[in-house]
Protein chains: 2
Amino acid sequence: MEGSVCPSVSQIQRTPAPLAIEELGSFLAGGHKVTLSDRPCQRVKVARNGPDRIVDLNGDYITGQCYVQFARLANRSQTFPVMFWHGGAMSGVTWETTPDGRPGWQMHFLRKGYDTYICDAHERGRAGWSPFPDIYKDAPIFRTSNEAWALFRFGPEGSYHTAPANRIAFKNLQFPIAHFDQFAAQFVPRWTDHAEESMAAYVAALKKTGPIILISHSQGGNLALDVVQRVPELIKALVIIEPAAAPRFSQDTLAKAASVPHLFVWGDYIQDVPLWQGYRQVVDPYVEQLRAAGGFIDVVDLPSRGIHGNSHVPMMDANSDDVAQIVSNWIDSLSL
Amino acid sequence: MEGSVCPSVSQIQRTPAPLAIEELGSFLAGGHKVTLSDRPCQRVKVARNGPDRIVDLNGDYITGQCYVQFARLANRSQTFPVMFWHGGAMSGVTWETTPDGRPGWQMHFLRKGYDTYICDAHERGRAGWSPFPDIYKDAPIFRTSNEAWALFRFGPEGSYHTAPANRIAFKNLQFPIAHFDQFAAQFVPRWTDHAEESMAAYVAALKKTGPIILISHSQGGNLALDVVQRVPELIKALVIIEPAAAPRFSQDTLAKAASVPHLFVWGDYIQDVPLWQGYRQVVDPYVEQLRAAGGFIDVVDLPSRGIHGNSHVPMMDANSDDVAQIVSNWIDSLSL
């Protein structure tokens with residue numbers, strides 16, 4: 001891939017104090033057993049130069065789990081950890097090194113004294129996925145670079161071109177488009193009808209970690225808005241970066257959600273992309289309902305604060321640290 | 001899942017000194033652009049409660065990349081980092097927290113002063129995967145719990161049972177079978193004909209990181225034995241935990257491979273599982289060829305050292321730290 005930067009050899013401009021880490025690790029959460037039968041066996045050479053072996057897809061599978069990777073500080077200064085939920089066709093890589101090689105939001109929040117949990121949702125990344133049509137009903141969908149260019153609001157609809165020099169980006173765009181292919185390499189397949197399974201796995205993860213501050217992105221934001229209606233006691237504060245629409249309330253779940261502080265963050269160029277206008281037309285009334293129910297609900301429109309050029313992935317934009325600072329300031333203001 | 005332990009709430013028996021971490025992060029390596037055309041468009045509700053949108057699978061994809069996650073120490077005491085390559089149907093999770101919640105080999109080697117790189121191979125975990133039959137030719141295969149029980153040498157062929165109480169484990173087995181489902185939740189789909197693509201991505205990763213010490217497992221060991229024949233200058237030492245067979249040499253590549261110290265590690269019960277006898281029948285002559293070519297080649301059969309009960313995943317067994325210590329002692333002995 002052109003345009004990739006190796007973080008291990010990039011110049012370090014300044015040397016902040018090291019993180020004191022107690023442990024790095026991970027676990028899988030949620031999931032249940034399913035059993036397949038009546039599938040034909042195959043004889044396959046699985047290992048090169050090894051003997052053939054029978055591959056029998058009949059048997060037990062664990063399906064429905066999510067993956068949770070933790071970094072625990074030895075000297076954490078914050079009471080509650082931060083948990084990160086990525087968006088559609090993405091994985092936990094969202095919160096790691098930016099496509100142009102700078103430290104990501106995980107590093108920002110570790111430096112602020114938070115333990116971190118980075119999740120890969122059910123069926124994404126290290127969570128693995130299950131056979132279809134045996135366990136999952138359908139085939140997944142995939143994200144092209146063409147779609148991503150418009151959907152992430154790097155440039156106008158139709159302005160992606162295979163040749164990078166011919167792509168048209170929005171004026172003042174903060175996303176580092178010279179490293180677009182490093183970003184496109186992060187995409188993972190997704191199924192469109194697994195919201196309930198994804199939420200079940202995330203609830204299982206929350207029950208393992210205990211109460212956290214949840215930072216969510218895009219499709220992960222839509223899920224987060226739903227999960228906080230179900231287990232508000234496990235989410236001390238909820239940050240939603242550009243949610244892809246929003247769920248619905250019942251009267252009971254509205255009160256539950258409104259008991260948790262929410263921060264919504266929006267980037268630039270939304271008026272230029274009809275899909276994002278459509279998502280906001282779902283989210284803005286949702287915000288008003290939360291407020292009417294007495295919730296502590298903040299909305300940051302970055303352009304209205306004079307911060308211009310943010311795409312749909314502000315955690316990867318050139319000003320990613322500035323946006324992270326807005327989020328961490330808001331969390332600080334809650335005095336959790 | 002039954003039997004899972006949440007590492008965040010498990011009791012800490014002793015408190016070793018914190019790790020001083022300079023940066024945690026990741027990058028994708030390798031991969032190239034492919035373009036699909038002539039696929040029908042779909043109109044899909046991708047976001048719940050959002051407007052439908054067109055999903056057009058025609059366009060550009062990045063395919064063939066691997067994922068590399070790094071932990072860089074502020075006070076590293078070792079010259080060369082350790083890189084980890086997982087086995088078939090696995091991901092980098094192999095090297096993280098054990099299924100019963102103890103620190104994994106990543107933590108062991110960080111504590112020894114090594115920077116670490118944990119990889120997800122091409123098409124596994126966070127590396128993502130590409131549409132088939134458009135980009136990949138075939139469908140993947142999946143690992144059942146039934147297959148894993150025998151293949152990882154937890155018990156005799158056919159001794160897996162859906163009800164845990166009815167499973168028959170090998171005598172003195174070190175694998176924590178009470179947490180088997182946490183292990184089974186780690187499995188990811190795999191394709192059987194992607195060795196060249198996987199190696200290309202790994203070589204791209206090595207070119208980004210520079211020279212490393214490579215610790216590989218099972219299918220990853222088979223790939224590692226091949227890659228060291230191609231870029232010996234980037235692999236200062238090679239540890240192969242239970243390789244699933246081995247590649248072949250040409251006269252030229254034998255000399256290249258023999259220039260790099262190798263440590264092969266084998267667990268217990270191999271004589272009880274014909275598949276593993278078959279793999280060893282490929283690997284043992286490979287070792288002899290390396291030695292005949294003048295290589296510094298060590299083989300540790302754990303049972304012959306009085307260490308009994310190791311499965312195919314010694315990095316997850318109850319004595320995982322002891323096996324890691326054997327590996328790190330061997331690396332120390334090289335004075336790299």
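The preceding data block contains the structure.
Remember, predicted model here, so these are calculated numbers, not experimental data. (Residues numbered from 1 in each chain as written. Chains lettered and ligands numbered in written order. Predicted model: local features only at pLDDT ≥ 70, side-chain atom pairs only at ≥ 80, totals over all residues. Heavy atoms only, no water.)

Moving on, we come to the overall build of chain A. Looking only at helices and strands, chain A features eight helices and 10 strands. Scaling as 2.2 N^0.38, a compact globule of 336 residues should have a C-alpha radius of gyration of about 20 Å, and chain A matches this with 21 Å. Going through the 336 residues of chain A one by one, you find that 64% of them count as buried. Contacts in chain A between residues far apart in sequence, at least 24 positions, make up 76% of those at least 6 positions apart. Within the structure as shown, chain A displays about 11500 Å² of accessible surface, and the carbon and sulfur contribution to it stands at 50%. Mean positive and mean negative side-chain charge positions of chain A (29 and 34 charges, respectively) differ by 4 Å. (Helix = DSSP H or I, 4+ residues; strand = E, 2+ residues; numbered from the N terminus. Rg over C-alpha atoms; globule rule 2.2 N^0.38 Å. Buried < 20%, exposed > 50% of the residue type's maximum accessible area, 1.4 Å probe, protein only. Contact = heavy atoms within 4.5 Å. Areas by Shrake-Rupley, 256 points an atom, 1.4 Å probe, with all protein chains shown as cover. Lys, Arg positive; Asp, Glu negative; His and termini not counted. Charge placed at Lys NZ, Arg CZ, Asp CG, Glu CD.)

To continue, consider unusual backbone geometry. Across the junction of F132 of chain A and P133 of chain A, the peptide omega takes the value 5 degrees, indicating a cis bond. Residue position: P133 of chain A is located in the loop between β6 (116–120) and α2 (145–151). With a phi close to 70 degrees, N172 of chain A is a non-glycine residue in the positive phi region. Take N172 of chain A: it is sitting in the loop between α2 and α3 (180–184). For E242 of chain B, which is not glycine, the phi torsion reads 50 degrees and is therefore positive.

The interface is formed by 109 residues belonging to chain B together with 110 residues belonging to chain A. Together chain B and chain A conceal approximately 8400 Å² of surface at their shared face, both sides included; 55% is due to carbon and sulfur atoms. Three residues stand out in chain B for area buried against chain A, namely R48, R126 and W129 of chain B, and they jointly supply 10% of the buried area on that side. Between the two partners, chain B and chain A, sit 10 salt bridges. Across the pair R53 of chain B and E147 of chain A runs a salt bridge whose closest N-O atoms are separated by 3.0 Å. (Buried area = accessible area lost by both parts, 1.4 Å probe. Salt bridge = Lys/Arg side-chain N within 4 Å of Asp/Glu carboxyl O.)

Right, let's talk about the packing of aromatic side chains for a bit. One pass over the structure, following the stated rule, counts 57 aromatic pairs over all chains. Each ring, one from W129 of chain A and one from W129 of chain B, has its centre 4.5 Å from the other, and the planes form 20 degrees; the classification is stacked. Residue W129 of chain A is found in the loop between β6 and α2, and its partner W129 of chain B is found in the loop between β6 (116–120) and α2 (145–151); the two belong to separate chains. Residue W129 of chain A shares its accessibility class with W129 of chain B, and that shared class is buried. Ring geometry for Y136 of chain B against W191 of chain B: centres 4.8 Å apart, planes inclined by 70 degrees, an arrangement best described as edge-to-face. Here the residue Y136 of chain B occupies a position in the loop between β6 and α2, and W191 of chain B occupies one in the loop between α3 (180–184) and α4 (195–209), the gap between them amounting to 55 residues. Across this residue pair, the class does not change: Y136 of chain B and W191 of chain B are buried. (Phe/Tyr/Trp six-rings, centres within 6.5 Å; stacked < 30°, edge-to-face > 60°.)

We now examine the state of the cysteines. All told, the structure shown has zero disulfides over all chains when counted by the stated rule. For the unlinked cysteine C66 of chain A, the closest cysteine sulfur is that of C119 of chain A, found at 5.5 Å. (Disulfide = S-S within 2.5 Å.)

Take E96 of chain A: it is sitting in the loop between β5 (82–85) and α1 (105–111). A polar side-chain atom of E96 of chain A sits 2.4 Å from a polar atom in the side chain of Q69 of chain B. Ignoring anything within four residues of it in the chain, the contact list for E96 of chain A reads Q69, G104, Q106 and I118 of chain A together with G25, S26, Y67, Q69 and R126 of chain B. (Polar contact = N/O pair within 3.5 Å; in protein donor to acceptor, adjacent residues only side chain to side chain.)

What follows covers the pattern of salt bridges. One pass over the full model with this rule turns up 44 salt bridges over all chains. In this structure, the salt-bridge partner of D115 of chain A is R76 of chain A, at a minimum N-O distance of 2.7 Å. In this pair, D115 of chain A is assigned in the loop between α1 and β6 and R76 of chain A in the loop between β4 (59–73) and β5, connecting sequence segments 39 residues apart. Judged by relative accessible area, which is 7%, D115 of chain A ranks as buried. Between E96 of chain A and R126 of chain B there is a salt bridge, and its shortest N-O distance comes to 3.3 Å. Taken together, the residues E96 of chain A in the loop between β5 and α1 and R126 of chain B in the loop between β6 and α2 connect one chain to another. Here E96 of chain A falls in the buried class, since its relative accessible area comes to 2%. Where salt bridges share partners, they join E22, E23, R72, R76 and D115 of chain A into one cluster.

On to α4 of chain B. All names here are of chain B. A rise of 1.5 Å per residue sets the reference length of α4, with its 15 residues, at 21 Å; its end C-alpha atoms lie 21 Å apart and thus fit the reference within 8%. Buried within α4 are the following residues: A195, S198, M199, A201, Y202, V203, A205, L206, K208 and T209. Positive backbone phi, at 80 degrees, marks G210, one or two positions downstream of α4. (Expected span 1.5 Å × (residues − 1).)

This next bit is on the relation of the copies chain B and chain A. Superposition record for chain B on chain A: RMSD 0.0 Å, screw rotation 180 degrees, translation along axis 0.0 Å. Taken together, the rotation angle and the small translation identify this as a two-fold axis. Distance from the rotation axis, computed per C-alpha, reaches its smallest value in chain B at G125 of chain B: 2.1 Å. Looking at the interface residues of chain B, 100% of them are also at the interface in chain A, so both copies use one shared face. (Least-squares fit on C-alpha atoms with pLDDT ≥ 70 in both.)

Residues and elements named next belong to chain A. Of note, V260 is situated in the loop between α6 (251–258) and β9 (262–266). On the basis of relative accessible area, V260 is assigned to the buried category, the value being 2%. Put simply, V260 and I215 are 45 residues apart on the chain and 13 Å apart in space, counted from C-alpha to C-alpha. Those residues in contact with V260 that lie beyond four places of it in its chain are V228, P232, I235, K236, A237, L238, F296 and I297.

The next thing to look at is the environment of P81 of chain B. Residues and elements named next belong to chain B. Inspection of the secondary structure puts P81 in the loop between β4 (59–73) and β5 (82–85). We classify P81 as buried; its relative accessible area is 12%. Considering only alpha carbons, one finds P81 and A71, 10 residues apart in sequence, at a separation of 9.6 Å. Setting aside residues no more than four positions away along its own chain, P81 makes contact with D115, Y117, P211, I212 and I213.

Here we come to the packing of helix α5 (residues 219–230) of chain A against α6 of chain A. Residue and element names in this part refer to chain A. The interhelical angle for the contact between α5 and α6, taken along N-to-C directions, is 100 degrees, at an axis separation of 7 Å. Our classification of the angle between α5 and α6 gives roughly perpendicular. For the pair α5 and α6, the contacting residues are V228, Q229 and R230 in the first and T253, K256 and A257 in the second. In the contact of α5 with α6, the residues fall into two nonpolar, two polar and two charged. (Axes fitted to C-alpha atoms, helices over the stretch in contact; angles between N-to-C directions. Parallel < 35°, antiparallel > 145°, perpendicular 65-115°, else oblique. Nonpolar A, V, L, I, M, F, W, Y, C, P; charged D, E, K, R; others polar.)

It is worth stressing that arrangement in space is one thing and function is another; only the former is reported here.
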